[in-house]
Amino acid sequence: MSTAAPTTGRGSTAPGAPASGNGRAHRPHRRLPSRSSLSSYSWSSLLYVAPALAFFVVFVLYPIGVSVWYSFYAYDGLTQGTPAGWGNYTAVFTDSRLRAALLHSLVLLFFYAVLPVCTGLLLAGAMSRIRVYGLTVFRAVLFLPQILSSVVVAVAWRNLLAEDGPVNSVLRAVGLGRFTTSWLGDFGTALPSIGTIGAWVEYGLCMVLFLSGIVGIDRSTYEAARLDGAGPVREFFAITLPALRAQISIALILTITFALRNFDLIWNTTRGGPGTSTTVPSLYVYQDAFQNRLLGRASALAIVLTLVILVVVVAVQLALRERDVPRRRFTRQGTRGSQCRKAQS
Amino acid sequence: MKSARREGSGRPRFVSGAAAAVALAAVLVCAGCSPPGAGKSAVAGGQIAITDPVTTAQVAALGDVTLRMWADQAEKPLMKSVIPAFEKQYPNVKVDITYKSFDDLVATVVNAASGSNPPDLFQGNIGYAVDGALVKAKLVRPLDDVAAAYGWITGTGASTLAPARWNGSGTAFGAGNLYGMSPISEVQGIYYNKALLKKLGLRAPRSLKDLEEALPAVRKAGEQPIMLGNSDQYAATHIFSDLAVTEQKPAAIRDWIGGKAGTSFVTAGNEKAADTMADWAKNGYFGSGYDGLSNEDAVSRFARGSGVFFVGGSWNGATLDPAKFGFGALTTGGAGATASPWHISASSKVTPAAVAFLAALHTPKTGQEILDTGRLPVVTDGVKGGNSLQSQTLDALKRTIAAGTQVGYYDWSATDMLTVMGGRLQEVMAGRTSGADFTKAVQDAWLRARRTQ
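Residues numbered from 1 in each chain as written. Chains lettered and ligands numbered in written order. Predicted model: local features only at pLDDT ≥ 70, side-chain atom pairs only at ≥ 80, totals over all residues.

**Some points on the confidence of the model for chain A**
Interpretation of the predicted coordinates at a detailed level should be avoided for regions scoring low in pLDDT. All names here are of chain A. Applicable threshold: Per residue, pLDDT measures the predictor's confidence, with a range of 0 to 100. The secondary structure listing takes helices from DSSP runs of H or I that are at least 4 residues long and strands from runs of E that are at least 2 residues long, numbered from the N terminus. A residue pair is marked as a contact if its C-beta atoms, positioned from the backbone, fall within 7 Å.
Looking at chain A as a whole, its pLDDT mean stands at 81, while 81% of the residues score no less than 70. Element-level mean pLDDT values for chain A span from 38 in helix 1 (residues 4-8) up to 93 in helix 8 (residues 166-173). Segment residues 1-34 is flagged for pLDDT under 50; beyond a separation of four residues in sequence, or across chains, it makes 22 contacts in the model.

This is the structure we're talking about:
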């Protein structure tokens, strides 16, 4: 275990170091001779982050601020807006179409978040027991859906799920012909079908996250468990699952965010149809902003959606927060690596 | 999220950070907290009145200039012949054209037009989302003087200018000042597979009644009667409008689409048309799984020989083999509309050059080039089809324009009409709602649009 400490680098997560960001930042400064050089030092260090910070302010903070600003006006993007008070927000909460859309989002939450995490756990758990040759290749292939452009994914699945597509061909071949349907065109199956596409996109990411976490688990704990007579199932629930808590938390945050703000997959498969059976809130954000030129209402809906996502993510974080300190260092290392991969994709 | 995990305690401390950041951003933006769009004033000055056709000398007087244009990707084949000819006629003008996909164009052109350096000549789109916004914000130059000087208001195609006419506040169209001109027209109708019709012993339908007789016979023979791809939610609305226009006066439909107060979609004709759509769907005339098939895929399937009929419009013809397919209008005259109109920016500094370009688009010569590149011209004088399918489509168009049945498209009536109408019609066809519910829901959306637009 102690061998891992140097690799974390920069001393920021050295054992026993205070967890708070402030303590970390100030410790090296104390060695500096005077206050004036301390302030000049921190200013110059700020220069290093300035490009990233500027980027963040211009492309993230400023647009968010503009959205908040617009959300209190009736504004078409061209002529002067008129103050609307909380009108746009009350419109969001009283729109019956949006309630239906939110329900669809909840269904998608199962497909986009719960299903991929479970599938990812299952695969990762299996791979942790069985020695897989060419694991890197496997991982790359299973991760592939993550890096594909969502338009490509949508077009491919539209063909797979078509009336005369491969999915129905397989069903007919195995004698399940009576279950064939136009999966994305049927009122009953369109939403679960889109959910399945989302699950396919996300499970690879979850699996890779969990595999990287499993690498960090001390093999001796498995040996100890086996000596104590634990079977594969017991082993999974007693060792693997608890050790992956941080990864599960991250996986859920990423997939839940993906589920609640998903737009491109739906727009490119059903446009919310048939009827309104696959509408989601982000679809209305797009329609209000770009088709109806109701920028105020679109902004209000986007802000509400952001807050909903934030609340759900915080709830997940609270539910899955870690209590046991020693093992965390390993698992966190793992997630950081895999998050880089996610960022690259 | 990154910062959250680096803190390591597992507590969602980043929430307070995020909240602070958002608050900060809001404060930064809202420092003055004036309404958005304040201080933007419409450019009105500098407009030259056009009393006669623009001469080469007038354009030459501009000196060496660039005419900046934005166009739909679909215009590219036509522009390839029009632009070189224009630059030859007006050697001091260099045309700088930007092509965009249709979706991209309608989503960005209004913002481009309201920017500090707008294109001089650009395509909008009929209806409230684009043209209405352009007129309302006074971003485009009225073209009444141009139309009068060039005789557009009296020649063939004069009636096709109506959808580009708006009232001053951009809240109703179909009458009023002219703000745009489209040289390209469209006609709705039915394509048929000649070989399959022959095999089934049927003749090409010339009316809705003919089609209604043919459909059960085709179905009985085991062929799919109508090829339909409705996952984009608009293809079925074209069939609906073909049915609806046979039942009521074209002028009434045009008024409703134009947003005329007091008109209603809740009519016996519309209800009947919707019920017919439901019946046809129930009887399997559209096959199965049409809601899961895109319109594009449906056209290519029809082109490959599945389906006896395809109800669409002249824009579908380019990919069909003229030897195998024919075209006819279902209604007397047929229904149709014009494609995206061209607008001249109100703040253009090269207005004479832009006017000259518009005029070059509105000639019989360009009309022939439009037909040759697979579409239909507004100016049809002396224009001849190169094959039977082109001639049939052109005939239908001429009759449509003569009969005054260019009613336009329902989705022009409100920015979200395509979604509302397309989605509701899917429900009608699936037997989930009735024709009466459909017309009421559409009218509700129309009324909502009147209140907000």
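**A word on the domain arrangement of chain B**
All names here are of chain B. We count it as follows: These domain limits were set by an automatic method or by a database of domain assignments. In this classification, Asp, Glu, Lys and Arg are treated as charged, Ala, Val, Leu, Ile, Met, Phe, Trp, Tyr, Cys and Pro as nonpolar, and every other residue, Gly included, as polar.
Partitioning chain B into structural domains gives domain 1 (56-181 + 340-374) and domain 2 (186-337 + 407-452). On the domain 2 side, the residues contacting the ten residues of domain 1 number eleven residues. The residue makeup of the side of domain 1 that touches domain 2, split by class, is six nonpolar, four polar and no charged.

**Some words on the packing of helix 12 (residues 268-282) of chain B against helix 17 (residues 417-429) of chain B**
Residue and element names in this part refer to chain B. Put simply, the rule reads: To define axes, lines are fitted to C-alpha atoms, for helices over the stretch in contact only, and angles between the resulting N-to-C directions are given on a 0 to 180 degree scale. Roughly parallel refers to an angle under 35 degrees, roughly antiparallel to one over 145, roughly perpendicular to one between 65 and 115, and oblique to any angle outside these ranges.
At their nearest, the axes of helix 12 and helix 17 sit 8 Å apart, and the two run at 55 degrees to each other. Here helix 12 lies oblique to helix 17, going by the angle between them. Judged by residue contacts, Ala-274, Met-277, Ala-278 and Ala-281 of helix 12 engage Leu-425, Val-428 and Met-429 from helix 17. In the contact of helix 12 with helix 17, the residues fall into seven nonpolar, no polar and no charged.

**Describing the packing of helix 5 (residues 96-129) of chain A against helix 12 (residues 245-261) of chain A**
Residue and element names in this part refer to chain A. Under the convention used in this document: Note on convention: near helix rotated counterclockwise from far helix by under a right angle means a left-handed crossing. Clockwise means right-handed.
Contact geometry of helix 5 with helix 12 gives a least axis separation of 9 Å together with a crossing angle of 150 degrees. Relative to helix 12, the element helix 5 lies roughly antiparallel. In this structure, helix 5 crosses over helix 12, and the sense of that crossing is right-handed. Residues Ser-105, Leu-108, Leu-109, Tyr-112, Ala-113, Pro-116, Val-117 and Gly-120 of helix 5 form the contact with helix 12, whose participating residues are Ile-248, Ala-251, Leu-252, Thr-255, Ile-256, Phe-258, Ala-259 and Leu-260. Tallied by class, residues from the contact of helix 5 with helix 12 come to 13 nonpolar, three polar and no charged.

**Description of the pairing of strand 7 (residues 309-313) of chain B**
Selection rule: Exposed residues have 12 or fewer other C-beta atoms within 10 Å of their own C-beta, buried residues have 20 or more, and residues in between are partly exposed; the C-beta atoms are placed from the backbone.
A large share of strand 7 of chain B lies buried, amounting to five of its five residues. Burial of strand 7 of chain B is two-sided: the residues B:Phe309, B:Val311 and B:Gly313 facing one way and the residues B:Phe310 and B:Gly312 facing the other way are all buried.

**Side note on the environment of A:Ile250**
Of note, A:Ile250 is situated in helix 12. Once the C-alpha coordinates of A:Ile250 and A:Ile303 are considered, the two residues, 53 residues apart in sequence, prove to be 23 Å apart.

**Quick look at unusual backbone geometry**
A cis amide bond links A:Gly273 to the next residue, A:Pro274, at an omega of -5 degrees. Along the polypeptide, A:Pro274 turns up in the loop between helix 13 (264-269) and helix 14 (281-291). Of note in the backbone geometry, A:Arg271 takes a positive phi value of approximately 55 degrees without being a glycine. Within the secondary structure layout, A:Arg271 lies in the loop between helix 13 and helix 14. A count of 21 C-beta atoms within 10 Å places A:Arg271 in the buried class. The phi angle at B:Gln233 is positive, at roughly 70 degrees, despite the residue not being glycine. C-beta crowding within 10 Å serves as the criterion here: with 25 such atoms nearby, B:Gln233 is assigned to the buried category.

**Description of helix 11 (residues 232-243) of chain A**
Every α-helical turn comprises 3.6 residues, leaving residues that sit three or four positions apart pointing alike. Residues and elements named next belong to chain A. As a reminder of what qualifies: Expected span of a helix, by definition, is 1.5 Å for each gap between consecutive residues, and there is one gap fewer than residues. Within this analysis, the arc is defined by the directions that extend from the helix axis to the C-beta atoms.
With twelve residues, helix 11 extends 15 Å from end C-alpha to end C-alpha; this agrees with the ideal 16 Å at 1.5 Å per step. Looking only at helix 11, the buried set comprises Phe-236, Thr-240 and Ala-243. What you see down the axis of helix 11 is that its buried residues fit within an arc of 90 degrees, all on one side.

**Section: the sheet that holds strand 2 (residues 93-100) of chain B**
All names here are of chain B. Defined as follows: In short, DSSP must find at least two bridges between two strands for them to pair.
Pairing in this open sheet of four strands is mixed, and the strands run 2-1-3-10 from one edge to the other. Whereas interior strands pair on both sides, the edge strands pair on one side only; in this sheet they are strand 2 and strand 10 (342-344). Direction aside, neighbouring strands of the sheet carry axes that sit 20 degrees apart on average. With three bridges joining them, strand 3 (residues 121-123) and strand 10 adopt antiparallel strand pairing. Bridge assignment links Leu-121 to a residue of strand 10, and that residue is Ile-344. Docked against the sheet, helix 4 (residues 76-89) engages strand 1 (65-72) and strand 2, running at close to 170 degrees with respect to strand 2. With respect to the sheet, helix 14 (residues 351-361) is in contact with strand 1, strand 2, strand 3 and strand 10, its orientation differing from that of strand 10 by roughly 160 degrees.

**Re the nonpolar core**
Defined as follows: Joining buried Ala, Val, Leu, Ile, Met, Phe, Trp, Tyr and Cys residues through C-beta atoms within 7 Å gives a set, and that set is a nonpolar core.
Of all hydrophobic cores here, the largest spans 199 residues; its most connected members are A:Phe210, B:Leu134, B:Phe240, B:Met277, B:Ala353, B:Ala354 and B:Phe357. If one sorts the elements of this core by residue count, helix 9 (residues 190-215) of chain A sits on top with 15 residues. In terms of domain composition, this core takes at least three residues from each of domain 1 (56-181 + 340-374) and domain 2 (186-337 + 407-452) of chain B. Non-local contacts of B:Leu134, meaning those with residues more than four positions away in its chain, are made with B:Val110, B:Ala113, B:Gly124, B:Leu139, B:Val140 and B:His343.

**Section: helix 12 of chain B**
Residues and elements named next belong to chain B. End to end, helix 12 covers 21 Å across 15 residues, agreeing with the expected 21 Å (1.5 Å per residue, within 8%). Listed in full, the buried residues belonging to helix 12 are Asn-270, Glu-271, Ala-273, Ala-274, Met-277, Ala-278, Trp-280 and Ala-281. Of the surrounding secondary structure, the elements contacted by the buried residues of helix 12 are helix 9 (208-220), helix 10 (235-247), helix 17 and helix 18 (435-452). In the segment just after helix 12, Gly-284 is the residue with positive phi, at about 80 degrees.

**Things to note about the environment of A:Val57**
In this fold, A:Val57 is placed in helix 3 (residues 35-70). On a C-alpha basis, the gap between A:Val57 and A:Gly87 in space is 28 Å, while along the polypeptide they are 30 residues apart.

**Topic: the confidence of the model for chain B**
Residue and element names in this part refer to chain B. Of all residues in chain B, 90% attain a pLDDT of 70 or more, and the chain-wide mean is 87. Per-residue pLDDT stays below 50 along residues 1-12; that stretch engages in 21 contacts with residues further than four places along the chain or on separate chains. For this predicted complex, the interface confidence reaches an ipTM of 0.77, while the overall pTM sits at 0.78.

**Points about the pairing of strand 6 (residues 184-193) of chain B**
Residues and elements named next belong to chain B. Counted residue by residue, strand 6 has ten buried out of ten residues, so it is predominantly covered. Two strands pair when backbone bridges link them, and strand 6 and strand 11 (residues 376-377) are joined in this way by two bridges, in the antiparallel orientation. Each bridged residue has a counterpart across the sheet, and for Ile-184 the counterpart in strand 11 is Pro-377. As paired elements, strand 6 and strand 9 (residues 336-338) share three bridges and run antiparallel to each other. The partner of Ser-185 across the bridge, within strand 9, is Thr-338. Pairing geometry for strand 6 and strand 7, over five bridges, is antiparallel. By the bridge assignment for strand 7, Gln-188 is matched with Gly-313. With four bridges connecting them, strand 6 and strand 8 (residues 325-328) associate as antiparallel partners. Within the sheet, the bridge partner assigned to Tyr-192 lies in strand 8 and is Gly-326.

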